Amino acid sequence: SPTTTNNKMSRLLLLIVATAVVATATSPKIHYVYPRSGSILGGTRVSILGEGFDERGRSNDVYIGDSKSGVFCDPVPNECHSKRIVCLTPAFDGRGEYKLTVQSNRQVAECAYTSNGVPKCHFNYNSDHTPDITGFHPEWLTAPNEVTVSGRRMAQGDMTTGNFDFTMHIGE
């Protein structure tokens, strides 16, 4: 009957649309990584822009290198959503450029390429991005007091988001 045929066609169309929505929602992609390099001491706040990421942050696995030989870049939970993951790099003495890998919703994200065929999913550990402290005043503290630290390369991470880190540890 025509009604039965229409119902079957409607169900088939709904199934096709639902499958397309699920496939689109579960295919993560990386469009851009910023900054592309950071300190060998770690602590660089890296923004990974793309789509299809898990919004919970901790459900995204981010590695600099691959998941077997790379290092885990820890996502910052309150700064992650479906189009951005922010993670903090760990210290790593392997200088050089490494592929940045994201696994979200149990799928490895595809990497975007420039028009010249260069992948946009790399991160470079570099000693040139490691802070260098040249001065500290006063030299001794006996009570709470203002401290001035001078140096270069102290801001680490994605300054375009207004968030960058500088952490100083006093003592051993």
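Everything below is about the structure shown above.
The written sequence of each chain sets the order in which its residues are numbered from 1. It should be noted that, the model being predicted, local features are given only for residues of pLDDT at least 70 and side-chain atom pairs only at 80 or more, the latter also being counted only at that level, while totals for whole chains, interfaces and linings use all residues. Side-chain measures here rest on the full set of heavy atoms in the structure, leaving out hydrogens and waters.

It is worth spelling out the pairing of strand β11 (residues 122–125) at this point. If DSSP finds at least two bridges between two strands, the strands pair. Strands are runs of DSSP state E lasting at least 2 residues, helices are runs of H or I lasting at least 4, and numbering of each runs from the N terminus. When strand β2 (residues 37–38) meets β11, the two strands line up parallel, connected through two bridges. Residue pairing in the sheet places S37 in a bridge with N124 of β11. The pairing of strand β8 (residues 96–104) with β11 spans four bridges and is antiparallel. Looking across to β11, one finds that G96 is bridged to Y125.

A separate point is the state of the cysteines. Two cysteines whose sulfur atoms are joined by a covalent bond form what is called a disulfide. In what follows, a disulfide is any cysteine sulfur pair within 2.5 Å. Taken as a whole and judged by the stated rule, the model has two disulfides. Paired by a disulfide, C73 and C87 hold their sulfur atoms 2.1 Å apart. The S-S bond linking C73 to C87 shows a torsion near 90 degrees; that makes this disulfide right-handed. Residue C73 is found in the loop between β5 (71–72) and β6 (74–75), and its partner C87 is found in strand β7 (residues 84–88); the two are separated by 14 residues along the sequence. The two residues C73 and C87 agree in class, both being buried. One disulfide in the model links C111 with C121; its S-S distance is 2.1 Å. Disulfide C111-C121: the torsion about the S-S bond is 115 degrees, which places it as right-handed. Remark: exposure states derive from per-residue accessible area (1.4 Å probe, protein chains only) relative to the maximum for the residue type, with buried under 20%, exposed over 50%, and partly exposed in between.

Now for the pattern of salt bridges. Whenever Lys or Arg places a side-chain nitrogen within 4 Å of a carboxyl oxygen from Asp or Glu, that contact is recorded as a salt bridge. Taken as a whole and assessed by the stated rule, the structure comprises one salt bridge. The partner of E79 in a salt bridge is R45, with the nearest N and O atoms 2.9 Å apart. Separated by 34 residues along the polypeptide, E79 in the loop between β6 and β7 and R45 in strand β3 (residues 45–51) bring together distant segments of the chain. Neither residue differs from the other here; E79 and R45 are each classed as buried.

Here we come to the nonpolar core. What is meant by a nonpolar core is a set of buried Ala, Val, Leu, Ile, Met, Phe, Trp, Tyr and Cys residues, joined one to another through side-chain atoms within 4.5 Å. Formed by 21 residues in total, the largest nonpolar core has its most connected members in I30, I48, V62, L100 and V102. Non-local contacts of I30, meaning those with residues more than four positions away in its chain, are made with I48, L49, G50, F53, L100, V102, A109, E110, C111, A112 and C121. Every residue pair with non-hydrogen atoms within 4.5 Å of one another is taken to be in contact.

This paragraph deals with the packing of aromatic side chains. Aromatic pairs are defined between Phe, Tyr and Trp rings, using the six-membered ring for Trp, whenever the two ring centres lie within 6.5 Å; interplanar angles under 30 degrees are classed as stacked, those over 60 as edge-to-face, and all others as tilted. Under the definition given, this model contains four aromatic pairs. Their ring planes at 85 degrees and their centres at 5.3 Å tell us that F123 and Y125 sit as a pair that is edge-to-face. Per residue, the accessibility class of F123 equals that of Y125, and both read buried. Ring pairs connect the aromatic residues F92, Y98, F123 and Y125, which therefore count as one cluster.

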